[in-house]
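# Examining the three-dimensional arrangement
Each chain is listed here by its residues.
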Amino acid sequence: DVKVTQSSRYLVKRTGEKVFLECVQDMDHENMFWYRQDPGLGLRLIYFSYDVKMKEKGDIPEGYSVSREKKERFSLILESASTNQTSMYLCASSFGQNNSPLHFGNGTRLTVT
Amino acid sequence: AQTVTQSQPEMSVQEAETVTLSCTYDTSESDYYLFWYKQPPSRQMILVIRQEAYKQQNATENRFSVNFQKAAKSFSLKISDSQLGDAAMYFCAYRSSNTGKLIFGQGTTLQVKP
């Protein structure tokens with residue numbers, strides 16, 4: 001079975017802190033994605049990566065950056081956390097073919113105080 | 001830009017009955033992929049069913065089937081013989097063939113009544 005592991009299930013950070021959310025997949029997937037999930041808004045795409053060192057902005061990239069130095073790891077970085085970034089963050093991965101389904105991690109619930 | 005709309009925030013169905021969840025999307029692309037995902041309470045998101053836009057035949061997976069209307073840009077999910085385990089939030093998703101970007105709708109929470 002594909003495993004997508006997010007490093008933390010719950011995280012509490014202070015406003016202005018730099019925050020790293022880590023995601024690792026074990027299926028040699030080319031594509032990796034970061035979403036945030038908010039009630040009534042569904043999942044919104046922050047960034048995605050279709051290969052090592054490649055990244056593409058999603059629909060809401062402001063306030064975030066990403067890093068993909070190795071194929072299996074995709075990191076989401078909040079340069080200076082703000083309260084409006086309190087959310088559930090979901091990482092996902094898939095093979096490169098566009099009909100390939102996404103496999104999701106369990107999510108990280110981030111609270112910024 | 002592509003958009004996905006799920007206009008039903010909540011739905012309920014009696015156990016063993018059939019329910020249909022609606023999804024519409026907007027795109028100028030002719031080739032794309034559509035998916036339904038299920039997110040049980042406090043659990044991981046999983047794939048329910050997928051449809052390639054170039055295929056006219058509607059996809060089916062056991063009790064789950066879709067009604068894909070390409071001209072109308074509609075992609076509804078039908079759940080037959082509903083079970084208590086079907087209770088979850090369901091998300092419709094669109095994946096671009098050009099960019100690989102995958103976007104989701106707002107979700108529909110399905111309640112199954114015993």
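A brief report on the enclosed structure follows.

The number of helices and strands found in chain A is zero helices and 12 strands. Of the regular secondary structure in chain A, the N- to C-terminal order runs β-β-β-β-β-β-β-β-β-β-β-β. Relative to the 2.2 N^0.38 estimate, which gives 13 Å for 113 residues, the radius of gyration of chain A is 13 Å and therefore close to what a compact globule would have. The principal-axis extent of the C-alpha atoms belonging to chain A is close to 40 × 25 × 25 Å. Taken over 113 residues, chain A has a buried fraction of 49%. In chain A, which carries 15 positive and 14 negative side-chain charges, the distance between the mean positions of the two groups comes to 6 Å.

Now for the pairing of strand β6 (residues 46–52) of chain B. Residues and elements named next belong to chain B. With six bridges connecting them, strand β5 (residues 32–39) and β6 associate as antiparallel partners. Bridge pairing in β6 links Tyr33 to Glu52. Following β5, the chain reverses through six residues before pairing antiparallel with β6; Ser42 in that reversal takes a positive phi of roughly 55°.

Quick look at the interface of chain B and chain A now. Between chain B and chain A, the contact holds 23 residues from the first and 25 residues from the second. Summing both partners gives a buried area of about 1800 Å² for chain B against chain A, and 51% of it is carried by carbon and sulfur. Summed over the three residues of chain B that lose the most area to chain A, namely Gln44(B), Arg95(B) and Lys101(B), the buried surface amounts to 29% of that side. Connecting chain B to chain A are one salt bridge. With a shortest N-O distance of 2.8 Å, Asp59(A) and Lys101(B) are connected by a salt bridge.

Considering only enclosed or pocket space, the largest pocket measures out at about 500 Å³ in volume. Around the largest pocket sit 26 residues that line it, and Gln37(A), Met88(A), Arg109(A), Gln39(B) and Ser42(B) are the ones nearest its centre. Of all the elements in the fold, those that place two or more residues in the lining of the largest pocket are β5 (31–38) and β10 (87–94) of chain A together with β10 (88–96) of chain B. Among the residues making up the lining of the largest pocket, the classes are represented as 11 nonpolar, 11 polar and four charged.

Under the definition given, this model contains 15 aromatic pairs over all chains. On the basis of an interplanar angle of 65° and a centroid distance of 5.3 Å, the ring pair of Tyr25(B) and Tyr32(B) is categorised as edge-to-face. Residues Tyr25(B) and Tyr32(B) agree in their burial class; the two are buried. Taking relative accessible area as the criterion, Tyr25(B) reaches 5% and is therefore assigned buried. The rings of Phe33(A), Tyr35(A), Phe48(A), Phe104(A), Phe35(B), Tyr37(B), Phe91(B) and Phe104(B) are connected pair by pair, giving a single aromatic cluster.

Right, let's talk about the pattern of salt bridges for a bit. For side chains bearing opposite charge, pairing can occur when the charged atoms are close. Taken as a whole, this structure holds 10 salt bridges over all chains when the rule is applied. The shortest N-O distance in the salt bridge between Asp28(A) and Lys71(A) comes to 3.2 Å. Highlighted residues: Asp28(A) in the loop between β4 (23–25) and β5 and Lys71(A) in the loop between β8 (64–70) and β9 (73–78), separated in sequence by 43 residues. Taking relative accessible area as the criterion, Lys71(A) reaches 25% and is therefore assigned partly exposed. Ionic pairing is found between Lys73(B) and Asp26(B), a salt bridge with its closest N-O pair at 3.7 Å. Of this pair, Lys73(B) sits in the loop between β8 (64–69) and β9 (74–79) while Asp26(B) is found in strand β4 (residues 24–26), placing the two residues 47 residues apart along the sequence. Overlapping salt bridges, with partners in common, bring together Arg36(A), Asp38(A) and Arg44(A) in one network.

What follows is about the state of the cysteines. Residues and elements named next belong to chain A. Taken as a whole, this structure holds two disulfides over all chains when the rule is applied. Note that Cys23 is cross-linked by a disulfide to Cys91, the S-S spacing being 1.9 Å. Given an S-S torsion of about -80°, the disulfide between Cys23 and Cys91 has left-handed geometry. A residue pair is termed long-range when its members are at least 10 positions apart, and Cys23 in strand β4 and Cys91 in strand β10 qualify at 68 residues.

About the thresholds
Residues numbered from 1 in each chain as written. Chains lettered and ligands numbered in written order. Predicted model: local features only at pLDDT ≥ 70, side-chain atom pairs only at ≥ 80, totals over all residues. Heavy atoms only, no water. Helix = DSSP H or I, 4+ residues; strand = E, 2+ residues; numbered from the N terminus. Rg over C-alpha atoms; globule rule 2.2 N^0.38 Å. Buried < 20%, exposed > 50% of the residue type's maximum accessible area, 1.4 Å probe, protein only. Lys, Arg positive; Asp, Glu negative; His and termini not counted. Charge placed at Lys NZ, Arg CZ, Asp CG, Glu CD. Pairing = 2+ DSSP bridges. Contact = heavy atoms within 4.5 Å. Buried area = accessible area lost by both parts, 1.4 Å probe. Salt bridge = Lys/Arg side-chain N within 4 Å of Asp/Glu carboxyl O. 1 Å grid on protein atoms, 1.4 Å probe; cavity = no way out; pocket = protein on both sides within 12 Å on 5 of 7 lines; lining within 4 Å. Points joined across faces, edges and corners; volume = space filled by probe spheres on them. Nonpolar A, V, L, I, M, F, W, Y, C, P; charged D, E, K, R; others polar. Phe/Tyr/Trp six-rings, centres within 6.5 Å; stacked < 30°, edge-to-face > 60°. Disulfide = S-S within 2.5 Å.

Shape is all these values report; function is a separate question.
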